[in-house]
Amino acid sequence: MSRPDRTIILDARALARALQRMAVEVLELAHGTDDLVLIGIQRRGVELAERIARLIEQDEGVVVPRGALDITLYRDDLETVGPKPVIGETRIPGDLTGKHVVIVDDVLYTGRTVRAALDELADFGRPKRISLCVLVDRGGRELPIQPDIVGKQVKVNSGERVDVLVEELDGRDEVDLVGLEDLSADQIRLILDTAEPFKEVSERPIKKVPALRGKTIVNLFFEASTRTRISFEFAEKRLSADTVNVAASGSAVQKGETLVDTARNLEAMRIDMVVIRHPSSGAAEFLGNRIRSNVINAGDGKHEHPTQGLLDLLTIRDKLGKIEGIKVCLVGDVLHSRVARSNIWGLLKLGAEVGVCGPDTLLPRGIEELGVCRFRRIEEAIAWADVLNVLRLQLERMEMGFIPSVREYYRVFGVTAERLERATRPMTIMHPGPMNRGVEIDSRVADGPHSVILDQVTNGVAVRMAVLYLLAGGRPELADAAKGSGGPE
């Protein structure tokens, strides 16, 4: 990528030549491949080690053992790499005793990363020799560590940095949010905790903070949406981002352009994030693997709707003071609901008990294997649950035969005031919207004292502000500071 304030020191061709030369030097240094092991430092060092190993294998005809080191837990400078560093994989190819281990990394600067790698390697045996191979040596070391093999040496001024972008990794150089299934409980809590101060921002006379000033976000909606799209727009504008809305109707997609081509053309205009809603499951992850900008899933087919799941979690925590131990039942069309999947993953990871209730035709086969309990009657669900999350009947996704009729569904599974009156405990009613009144929920329930449906809408903006803020690299402690700000600077 070329920018006015960025100088490219190695393009793709120069990188290929440098790696070829480094592969030759590794062979010379190790006197062949007999005892050679290549270990890459996560993340880019691993891919560079893989490339060097492949080049050696092409020339020598032998397989070179390689592994990966994640040094996160061995660092002494975690405060400089963000509040929640992600721990990756450490993979060692057998006993290192008696081996010549070549550590591979992308950039050598202070030497602290290499020192942490040496500390970690000591836990896996005692190699006969350890050498260091780096793509770029930028000088300025704090520690007396020298590389044995260097792809390119550069001199940089104070404050300048060197970024290595590797195609295999950096078609997606940023983190994405495609679902809650792959998030840890701590990551989910981080988002919820970060959303709290942003709720206060929406109560101010001037509902704006400069956190994402200068960022450009594209809302790419291939499915009709009102609440989700508007909620994301509010979140983006309140963080001072520049936003562009693209709908499938009237766009190049109708003329035959692919999803990836559309996104890459937008990215060529130097955008920072894409919020995507798409009728196909997996579309968000597919896109995230192919573009560098952050990708946020605003709902993909029947897969997940992670920000809806997060705002539901925040609403439960606000209402009941906790999530752990709370009994939440998802009522209705679980089969077609991406909201249900995000809720199930998020609730279970935070310690809630989860149930589902609906016609057999609208519950996925084997759903109990996810760790949820199943109710065949709405009365049983109401007697068990602290929270009912009433799902919309996804009529637009159904084929004929899932239910006898809408009227029959309401008669058997509708959440009505009469049924709630028989509940033996206080009940909280949620709905992800839009509601089909008189189909899955009674208007008296939707507008009644048990309902937190409008609180869900309010929390949706705060949660989406938190997601945008965190994916853009914001620190939660800076979000806390926003409480004292009166508006944009």
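Residues numbered from 1 in each chain as written. Predicted model: local features only at pLDDT ≥ 70, side-chain atom pairs only at ≥ 80, totals over all residues. Heavy atoms only, no water.

## Remarks on the overall build of the protein chain
The condition that has to hold: Secondary structure is summarised from DSSP: a helix means a run of H or I of at least four residues, a strand means a run of E of at least two, and numbering begins at the N terminus for each. Throughout, exposure labels follow a simple rule: accessible area from a 1.4 Å probe, protein chains only, divided by the maximum for the residue type, with under 20% read as buried, over 50% as exposed, and the rest as partly exposed. In what follows, residue pairs with any heavy atoms lying within 4.5 Å of each other are defined as contacts. The accessible surface values rely on the Shrake-Rupley method and a 1.4 Å probe; as for residues, cover is taken only from the protein chains in view.
Tallying secondary structure elements over the protein chain gives 16 helices and 14 strands in all. When burial is assessed residue by residue, the protein chain has 51% of its 489 residues classed as buried. Put simply, of all contacts in the protein chain between residues at least 6 apart along the chain, 75% involve residues at least 24 apart. Here the protein chain displays about 22900 Å² of accessible surface, and carbon together with sulfur accounts for 49% of that area.

## Description of unusual backbone geometry
Cis rather than trans, the peptide bond between G433 and P434 has omega equal to -10°. Structurally, the position occupied by P434 is in the loop between β14 (428-430) and α14 (443-446). For H31, which is not glycine, the phi dihedral falls at a positive 55°. You can see H31 is positioned in the loop between α1 (12-30) and β1 (36-41). A residue is classified by how much of its surface remains accessible, and H31, at 73% relative accessible area, is exposed. One non-glycine residue, S240, lies in positive phi territory at about 70°. Given the relative accessible area of 12%, S240 is considered buried.

## Let's talk about the pairing of strand β11 (residues 353-357)
Worth spelling out the cut-off: Here a strand pair is declared whenever DSSP counts at least two bridges between the two strands. Here a crossover is taken to be right-handed if, once the strands point away from the viewer, the path from the first strand over the helix to the second is traced clockwise.
Most of β11 is tucked away, with four of its five residues classed as buried. By the bridge criterion, five bridges tie strand β10 (residues 327-331) to β11 in an arrangement that is parallel. Looking across to β11, one finds that V331 is bridged to C357. Tracing the backbone out of β10, into helix α10 (residues 338-349) and back to the parallel element β11 gives a crossover that is right-handed. Two elements, β11 and strand β12 (residues 373-375), share three bridges in a ladder whose sense is parallel. Directly across from C357, in β12, lies its bridge partner F375.

## Considerations on the sheet that holds strand β8 (residues 273-278)
Threshold: Angles here are taken between N-to-C directions and fall from 0 to 180 degrees, while the axes themselves are lines fitted to C-alpha atoms, restricted in helices to the stretch in contact.
Spatial strand order, β7-β6-β8-β9: four strands in an open sheet with parallel pairing. Either end of the sheet is taken by a strand with one partner, and the two such strands are β7 (242-247) and β9 (294-300). Going across the sheet, the axis of each strand differs from the next one's by a mean of 15°, ignoring polarity. With respect to the sheet, helix α6 (residues 227-238) is in contact with β6 (216-221), β7, β8 and β9, its orientation differing from that of β6 by roughly 180°. In this fold helix α15 (residues 453-471) packs onto β6, β8 and β9, with an angle of close to 150° to the strand it touches most, β9.

## Looking at the pattern of salt bridges
Convention followed: When a carboxyl oxygen of Asp or Glu is within 4 Å of a side-chain nitrogen of Lys or Arg, the pair counts as a salt bridge.
Per the stated rule, a full pass over the model turns up 25 salt bridges. For K199, the salt bridge is made with E196, and the minimal N-O distance between the two is 3.4 Å. Of this pair, K199 and E196 both sit in helix α5 (residues 185-201), separated by three residues, roughly a single helical turn. One salt bridge connects R317 with E196, and the closest N-O pair in it is separated by 3.3 Å.

## Thoughts on the packing of helix α9 (residues 306-320) against α15
Packed helices, taken two at a time, are described by the angle between their axes plus the distance between the axes. This is how the line gets drawn: Geometric relationships in this document are graded by angle, where less than 35 degrees denotes roughly parallel, more than 145 denotes roughly antiparallel, 65 to 115 denotes roughly perpendicular, and other angles denote oblique. Left-handed describes a crossing whose near helix is turned anticlockwise from the far helix by less than a right angle; the clockwise case is right-handed.
At a minimum axis distance of 8 Å, the contact between α9 and α15 shows a crossing angle of 120°. Put simply, α9 runs oblique to α15. Where α9 crosses over α15, the two elements pack in a sense that is right-handed. Residues T307, Q308, L310, L311, D312, L314, T315 and D318 of α9 pack against D455, Q456, N459, G460, V463, R464 and V467 of α15.

## Section: the side chain of T110
Let me state the cut-off plainly: By the criterion applied in these results, polar contacts are pairs of N or O atoms within 3.5 Å in which, for protein atoms, one can donate a hydrogen and the other can accept it, and in which residues neighboring in sequence qualify only through two side-chain atoms.
The residue T110 is located in the loop between β3 (100-108) and α3 (112-121) in this model. Within polar-contact distance, the side chain of T110 engages the backbone nitrogen of R112 at 3.2 Å.

## With respect to the pairing of strand β13 (residues 387-390)
Judged by which residues are buried, β13 turns out to be covered on both faces: V387 and N389 on one side and L388 and V390 on the other are all buried. Direction of pairing for β10 relative to β13: parallel, over a ladder of four bridges. Directly across from V331, in β13, lies its bridge partner V390.

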